[in-house]
Amino acid sequence: MKPQGKTLFDKIWDEHVVKSIDNGPDILYIDKHLIHEVTSPQAFAGLKRRGVSVFRPDKTVATADHNVPTLNQHLPIKEALSRKQVDTLTENCKTHGITLYGLGHPYQGIVHVIGPELGITQPGMTMVCGDSHTSTHGAFGSIAFGIGTSEVEMVLASQCVLQHKPKKMRITIDGELNHGVVSKDIILYIISQITAQGGTGYFVEFAGAAIRNLSMEARMTICNMSIEMGARGGLIAPDETTYAYLKGREFAPKGEELDKAIAAWSGLPSDEDAVFDKEYTFSADDIEPMITYGTNPGMGIKVSGWLPEVKDIDDASEQLSVEKSLAYMGFESGSRLLGHSVNYVFIGSCTNSRIEDLRMVAEVVKGKKKAENIKAYIVPGSKQVEAQAKAEGISDILEAAGFELRQPGCSACLAMNEDKIPAGEYCVSTSNRNFEGRQGPGSKTLLASPLTAAATAISGKIEDVRSLMER
Amino acid sequence: MKKFEKTISHFVPLPIEHVDTDQIIPARFLKATTREGFGENLFRDWRYDKSGDEIESFVLNKKGVKGEILVAGKNFGCGSSREHAAWAIVDYGFKVVVSSFFADIFKNNALNNGLLVVAVDEGFLEQIFTSDSQLIIDLETQNITIKGSGESRQFSINPYKKECLLNGYDDIDYLLNNREAIEAFESK
């Protein structure tokens, strides 16, 4: 009898199991470990307490991103605690011989932007980082997931983590995307359908024609937000698009090595008879530009649509949950968001700060002016994205439209630095979380695509980008 | 890590769903480089107003509500992977969190810090919320009991993690003891 086919996920996971504990987790070997200043200091302190050194320093790469200013990065960080965190990272990397792309380095940037753009992220790898959006790297056909600081310490000490093998889900998007619909809309749509907890316990493979046709940047946006439906990670089978992206990247294999690697990677996609624990199929045709109205990423609707009627929600606890969200956001049940006044726009974060995202924004705002009331943070994902945006004239287009391109970092996605949305203000944001106060205490976040965010910045109110495109 | 002992205590009810780790500990309080002191800012923006005064209606500020057990609505701990959320809950003095559903990363982080997470069915969660009783959490027998009514449920926990919690072992010790196997794997 022919053995049962394996999924992409199984193939990679099984290759990386050092040992399985009876009735317990697997010891999973990690190929690449990314660290940053916020979730690593306690891990290094733990190593010191145990008198243990970093086991494989060449398999960890560091950058400073979560807590850095996005203006005047050449000056010392003003805020003492932030400065200390960044200095501690620098010190730890020096002590343990870990490569650091710190502030001022031409490779510095958001950890999930620089991994792929440097060719560090490759198909078939296992990758972890003390950040839930590590799922981003799954776009290359790798197993990538976020971990806590104790687990960061495990990887530093042993290059392994103890993990239970999750279940497998496949989400297929058939067909072709509508005009004005981009990958952010796909993922917001998926989460709105299966809820903010629908993926918990699973690793999700995204498949189907609409996914195949996406660029690497767009695939990263989808995998990035897998965690927002509770899934530990998402992944997409590597293909010609993946290989073309990797070609010529700094740390990607080159020449003959690349050919060999591609031959091996080509065996990774899920076998035809592979079985998933759960499957969903959606039609691209049903997806329109999306926006969230509530305080978890599952609360999404079409930009042109209406908020749910609280009284029509059957489940009592969900009713309560939506009611509480609407009260926080200051929206009325059954109302419309289109045309609602907004004073802030944030374009950035590990979800949407890559060159393609900035190109999308430039395309919408070119030859137009931002609305008077709008304050915008446009924050590139990395020094390389920043340089490319300048080289392509994107910064000039933004400037002419009344915007400014800031310096790379996580910025107003989580508002650890000084980039905060003031209390009570609405912000249409290309980031990944609309939790209460996520962008600053009392801030009200509406998640959307770069196209929708750019259109909103031009109109000064929530806008359907398709109406600007038609003009 | 401390050994987990049988816990008999009143509970703090937080009947809210999707409590994300940004609510448990907002990002602006993640700037510390040590693990201690996060309890002070546990549920910061629900607990204190803009000027730093206690918000009376929030459960942690209510007189007479005390306990080593936090009971919350489903999908507790979703969002950011920040272990600071587990540190804050432990630092505040909780030993157990009960909910009908936990987010994956939070669950790992909690267990790695000796904080027991107990998942119960929605019906039982409702019974807890409506009871005004102590809860008994026995990890050895994997039982959670509402002391007043005597109603109880079995809860599941991985046998490996149970061992770790009962004995105060941590995963890093385990991995360090497996370095040989890891080196052998590397040279394959």
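As a reminder, the structure under discussion sits directly above these lines.
Nothing here was measured: the structure is a model prediction, and the numbers come from that model. (Residues numbered from 1 in each chain as written. Chains lettered and ligands numbered in written order. Predicted model: local features only at pLDDT ≥ 70, side-chain atom pairs only at ≥ 80, totals over all residues. Heavy atoms only, no water.)

Quick word on the side chain of D26 of chain A
All names here are of chain A. You can see D26 is positioned in strand β2 (residues 26-29). It turns out D26 is buried and unbridged, and the closest side chain with the opposite charge, K165, is 6.5 Å from it. In this structure the side chain of D26 is engaged in a polar contact, spanning 2.9 Å, whose partner is the side chain of W13. (Helix = DSSP H or I, 4+ residues; strand = E, 2+ residues; numbered from the N terminus. Buried < 20%, exposed > 50% of the residue type's maximum accessible area, 1.4 Å probe, protein only. Lys, Arg positive; Asp, Glu negative; His and termini not counted. Salt bridge = Lys/Arg side-chain N within 4 Å of Asp/Glu carboxyl O. Polar contact = N/O pair within 3.5 Å; in protein donor to acceptor, adjacent residues only side chain to side chain.)

Considerations on the interface of chain B and chain A
Between chain B and chain A, the contact holds 52 residues from the first and 65 residues from the second. When chain B packs against chain A, close to 4,900 Å² is buried across both sides, 57% of that on carbon and sulfur atoms. When the shortest N-O distance is used, the salt bridge between R50 of chain A and D173 of chain B registers 2.9 Å. In this assembly, chain B and chain A are joined by 27 residue pairs in polar contact (both at pLDDT 80 or more). Contributing elements (two or more residues each) for the side of chain B that touches chain A: α1 (21-24), α2 (44-47), α3 (84-92), α4 (104-111), α6 (159-167), α7 (171-176) and α8 (179-186) of chain B. (Contact = heavy atoms within 4.5 Å. Buried area = accessible area lost by both parts, 1.4 Å probe.)

Let's talk about the nonpolar core
Note on soluble globular proteins: their nonpolar side chains tend to be buried together. If you look at the biggest cluster of nonpolar residues, it comprises 108 residues, and the most contacted ones within it are L14, F43, F76, V98, F106, L116 and I137 of chain B. It is helix α12 (residues 355-365) of chain A that provides the largest number of residues to this core, a total of 7 residues. Look past the residues within four positions of F106 of chain B in its chain and what remains in contact with it is T21, F76, G77, A85, A86, I89, L115 and V117 of chain B. Of all hydrophobic cores here, the second largest spans 88 residues; its members include V52, C93 and Y245 of chain A together with C164 of chain B. (Core = buried A, V, L, I, M, F, W, Y, C linked by side-chain atoms within 4.5 Å.)

Looking at the packing of α3 of chain B against α4 of chain B
Residues and elements named next belong to chain B. For the pair α3 and α4, the least separation of the axes is 8 Å and the interaxial angle reads 50 degrees. Relative to α4, α3 is oriented oblique. Of the two possible hands of crossing, α3 and α4 adopt the one that is right-handed. Across from A85, A86 and I89 in α3, the residues of α4 making contact are F106, N109 and A110. The class makeup of the residues in the contact of α3 with α4 is 5 nonpolar, 1 polar and no charged. (Axes fitted to C-alpha atoms, helices over the stretch in contact; angles between N-to-C directions. Parallel < 35°, antiparallel > 145°, perpendicular 65-115°, else oblique. Left-handed = near helix turned anticlockwise from the far one by under 90°. Nonpolar A, V, L, I, M, F, W, Y, C, P; charged D, E, K, R; others polar.)

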